[in-house]
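Here are the chains, one letter per residue:
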Amino acid sequence: MFRKTLFFFLTSLLFLNSIFCFGESKYDFQNDSITNTRLNKLRINVQHVISQHQNLKVGIALLNEEGNLWLEVLGNSDQEIDAKDTENTMFRIASLSKMFVALSILKLQEEGKLKLEDEVKSIVPELKFENQWEEEHPVRIIHLLEHTTGWDEIHLVEMVHNQHPPISLKDALEFHPHSRTSRWVPGTRMAYCNSGYAVAAYIVEKVTGLKYEDYVRESIFKPLMMNHSTFFNDQIYQKWGAEIFNWEMKEIAFKNELFRPSSALNTSIADISQILRLLLNRGIVDSLQFLKSESIDQMEIPYNSPGSNIGLELGYGLGNQTSIYNNFTYHGHSGAMDGGLSELGYLPEEKIGHVILMNANNGAAMQEISTLIQNFETADLPLRPDKKEKYQGEIHIEGGYYLAINPRNQDRFYQDLIFNIEKVEVFEDNLTMTWILPSSKSTYYPVSPTEYTYGNSGKIGLVQDSDPLEGKVLYTERFVFKPISGFRVFGQISILVIWVVLMVLGAFIAVLSMILFLRNRAKYANLLKISILPTCTSLTIFLMFFIPRMNIEGADLLFSTPSYLSICVLLCSILFVVGSLTSAIVIILSKRLPHSKLITWPIIALTFFHMLVTIFLISQKVIPMITWS
C-alpha cells in the first residue's frame, strides 16, 4: 500500500512538473516518465490495430513545437519488414496533396506575384469553365482554394484517367472541362471539388513559368529537406514506395492521377512531418521562415464566403479544414484513394499534432488509429475557456426542416433532396440539428441572434445569412441549408416508402397472376397483362441503381466508357420511362379490369408512382443515366 501511495505521489509530481516547466507546450516526452509510459501504450495499441490487417503499413508522426515525439513506420507483425521500411518509406497521400497547392499560392502571394482575390480569367484566359455570373461575380483564386467556385466534382471519366506516361497539367484541364460549371454564385457555397486545385496549380505554372511539380520541388521540397517526395512513379518512388492495396487489401498497381496537384503526391512520414512542423510553428521550420505567420492563419479558417464574413470559424480554409474531437478544434487535411489513406491534424493553440500515412484504403484501420492518437493528444489537455458570452436575447433562426443545397456531386443531388435534410430545434439557451433519420444531435449555443458556437468548442459553427439565389440560409462547417416545409419532408419520405411497398406487392401480384394464367388463360389473361408490365418496370429501376453498386472488378473503367455495363444501365433507365408510360397506357385502354380491388388498385397505384418517380428523375437529369458523360 505504501509503495503504491509513494508511486502515485512521485508520478503526480512529475506530471505537475511537466505542465508548469515547459511554457505553452503541454508535452515533453523526453522528461515526462508518465507520458513516456502513455506513449508506449499508444504504440502497443496502434500496433495491435495494424496486426489485424495483413500487409498493412502505417507511418506515424507525433509532434509538438519542440520537435518529433514519435516518428516511425509500423508494419503487420506477421510480415517480414523490408530494409526500406523506415521513416523514408513513401506513401500515397491523396487529397492531402492539396495543402501543397495552398502553400504554393500563399508563397507567391507573399512574393507579390499574385493575390488570392485575382480573377482566374485574368491569369489563365485560355482555361475553359462556365460561370453565368462571371461579369459581376468572377471566379477568383480564393474560390479555387476554398472550394467555393460552385463547380461540380470531377466526373467519373476524369477520376479513372490513367495515361502512361502521365499527361501535362494543361492537357489534363483540357481533357474534360464539362464539370467546371458554376452551379451557384461563386463564393457563396462550399462544395469540395478536385479540379479547383488543379486550376490553382496551373496558375502557379503560368505565374512562375515552371511546371507545378518543378516549382514545388524547388520552392518547398528542397528548402524543407523533403528528399523522399514526388508526384510520379519515378525512380525514387519505385525504390522507397510501399506496396499499395485497395479497400479489400488486394495489391494494386500504381495509378497516374489526372489532376496530380490535387491527389497524386507520394511522400514519407519524415518528409510530411516537416509540413506539420511548419504549421505548428506558424511558418517556421528550424531556422527557416518559410511563410509568415499571417499566411498560416489565413490557411486555417474560411474567410471569403458569406458565412465566414459574419463570423463562421469552422470549415474549409486554404487546403486546411477544421474538425472537432472531444471539443477540441483540429486543423489539417486528410486524403483517400485506392492505395493509400492520409491524415494530418493539429491543435494550433495546444501546439501538438500528428500525421498518419497508410498503404491501403482501409478506412476502419485509419479510424481506429486516428481515434487512439487523438485520445492521446487531448487526454491531459484542459479545455480552453470559451471567451464568447452566451447570448440571452431574441433569436432570429427558426426551427423546422432544412435541406442542404451545396452538393459535391450534382448527379447525386436527387438523393440529397430526400435524405440530406436536418431538423432544427430552437430552445431558450441552445439549438440542435438532427438528421431526419435517427442519429445523434449536434448542439449549438447562441452568441448573437444569428451566430452559434458548436458544442463546447467555443468556435462559431453555425450562422444565418442570405444566399443570393435562395434567400435566408444556415451556414455550417460543411453545408448550406435552406428551410423547407415539414409537409414536403414527410411527403417525400411517404412517397418513397409507399413506392417500395407497392413494388414488392406488385411483384407478388405478378407472380400470382402468372400462376393463375397458367391454370386458366382465358380468365386471367387481362390480369396478367396489367400486372406484369409494372413489375418489369420495377425491375429496370432496381437494375439501374443496383448494377453500378455491384462489386465488379474494373467497374469504374467500364462505367467511364460505353461498355456492356454502362450501356446496360442506360438501357434500364430508358426502359423504366418506357415501362412507366406503357403501363399507364395499358391500364387506361383496358376495357375490362379484374374485379378484385385488392389486386387492381395496387397495380394502378404502382403505375402512378412509377410515373411520379419518372418525372422526378428526369427533372433531376438522372434519366437517361449516361455514366460516361
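None of the values given here were measured: they were computed from a predicted structure.

Moving on: unusual backbone geometry. The residue after His-164, namely Pro-165, is reached through a cis peptide bond having omega -10°. Within the fold, Pro-165 resides in the loop between α6 (156-159) and α7 (169-175). Across the junction of Ile-623 and Pro-624, the peptide omega takes the value 0°, indicating a cis bond. Within the secondary structure, Pro-624 sits in the segment after α21 (597-619). Residues other than glycine seldom take positive phi values, yet Ala-94 does so here, at roughly 50°. Following the sequence through the fold, Ala-94 ends up in the loop between β3 (90-92) and α3 (98-110). A relative accessible area of 1% places Ala-94 in the buried class.

A full pass over the atoms with the stated rule returns 19 salt bridges. A salt bridge links Lys-113 to Glu-111; the nearest nitrogen and oxygen atoms lie 3.5 Å apart. By relative accessible area, which is 47% here, Lys-113 ends up partly exposed. Measuring nitrogen to oxygen at the nearest pair gives 3.8 Å for the salt bridge that ties Glu-248 to Lys-250. The exposure class assigned to Lys-250 is partly exposed, which follows from its relative accessible area of 48%. Through salt bridges with shared partners, one network takes in Asp-214, Arg-217, Glu-218 and Lys-222.

The next thing to look at is the environment of Leu-280. Of note, Leu-280 is situated in helix α12 (residues 269-280). Distance from Leu-280 to Ser-219, taken between C-alpha atoms, is 20 Å for residues 61 residues apart in sequence. If sequence neighbours within four positions are ignored, Leu-280 has contacts with Leu-63, Asn-64, Tyr-346, Leu-347, Lys-351, Ile-352 and Gly-353.

Tallied over the full model, the rule gives 12 aromatic pairs. Within the aromatic cluster, the residues linked to one another by ring pairs are Phe-100, Tyr-212, Phe-221 and Phe-231. Above the face of the Phe-290 ring, Lys-107 is positioned so that its terminal group lies 4.3 Å from the ring centre.

Nonpolar side chains collect at one region of the surface, where Ile-567, Leu-571, Ile-574, Leu-575 and Val-578 lie side by side and expose about 400 Å² of accessible area between them. Mapped onto the elements of the fold, Ile-574 is located in helix α20 (residues 564-589).

The next point concerns the sheet that holds strand β5 (residues 266-268). Sheet architecture is open: three strands sit in the order β3-β5-β4, paired in antiparallel fashion. Each having just a single partner strand, β3 and β4 (229-230) make up the two edges of the open sheet. Of the strand pairs in this sheet, β3 and β5 are connected by three bridges, and their pairing is antiparallel. Paired with Phe-91 across the two strands is Thr-267, which belongs to β5. The strands that α12 touches are β4 and β5; relative to β5, the one it contacts most, it runs at about 90°.

A few words on the pairing of strand β15 (residues 442-448). Of the strand pairs in this sheet, strand β14 (residues 431-435) and β15 are connected by three bridges, and their pairing is antiparallel. Pairing of Leu-431 across the sheet is with Tyr-444, part of β15. The hairpin turn running from β14 into β15, its antiparallel successor, is six residues long. Hairpin connection, β15 to strand β16 (residues 451-454): the antiparallel pair is bridged by two residues.

Okay, the sheet that holds strand β2 (residues 67-75) next. The strand order across the open sheet formed by six strands is β2-β1-β11-β10-β9-β8, and the pairing between neighbours is antiparallel. Two strands lie at the open edges of the sheet, namely β2 and β8 (321-325), each paired on one side alone. Going from strand to strand, the sheet's axes swing by 20° on average, the running direction of each strand aside. With eight bridges connecting them, strand β1 (residues 57-64) and β2 associate as antiparallel partners. Paired with Leu-63 across the bridge in β2 is Asn-68. Against the sheet, helix α15 (residues 363-378) engages β1, β8, β9 (328-337), β10 (340-347) and β11 (352-358), with an angle of about 165° to β11.

What counts and how
Residues numbered from 1 in each chain as written. Predicted model: local features only at pLDDT ≥ 70, side-chain atom pairs only at ≥ 80, totals over all residues. Heavy atoms only, no water. Helix = DSSP H or I, 4+ residues; strand = E, 2+ residues; numbered from the N terminus. Buried < 20%, exposed > 50% of the residue type's maximum accessible area, 1.4 Å probe, protein only. Salt bridge = Lys/Arg side-chain N within 4 Å of Asp/Glu carboxyl O. Contact = heavy atoms within 4.5 Å. Phe/Tyr/Trp six-rings, centres within 6.5 Å; stacked < 30°, edge-to-face > 60°. Lys NZ or Arg CZ within 6 Å of the ring centre and 35° of its normal. Patch = residues over 30% accessible without salt bridge, like charges linked within 9 Å, V, L, I, M, F, W, Y side chains within 5 Å. Areas by Shrake-Rupley, 256 points an atom, 1.4 Å probe, with all protein chains shown as cover. Pairing = 2+ DSSP bridges. Axes fitted to C-alpha atoms, helices over the stretch in contact; angles between N-to-C directions.

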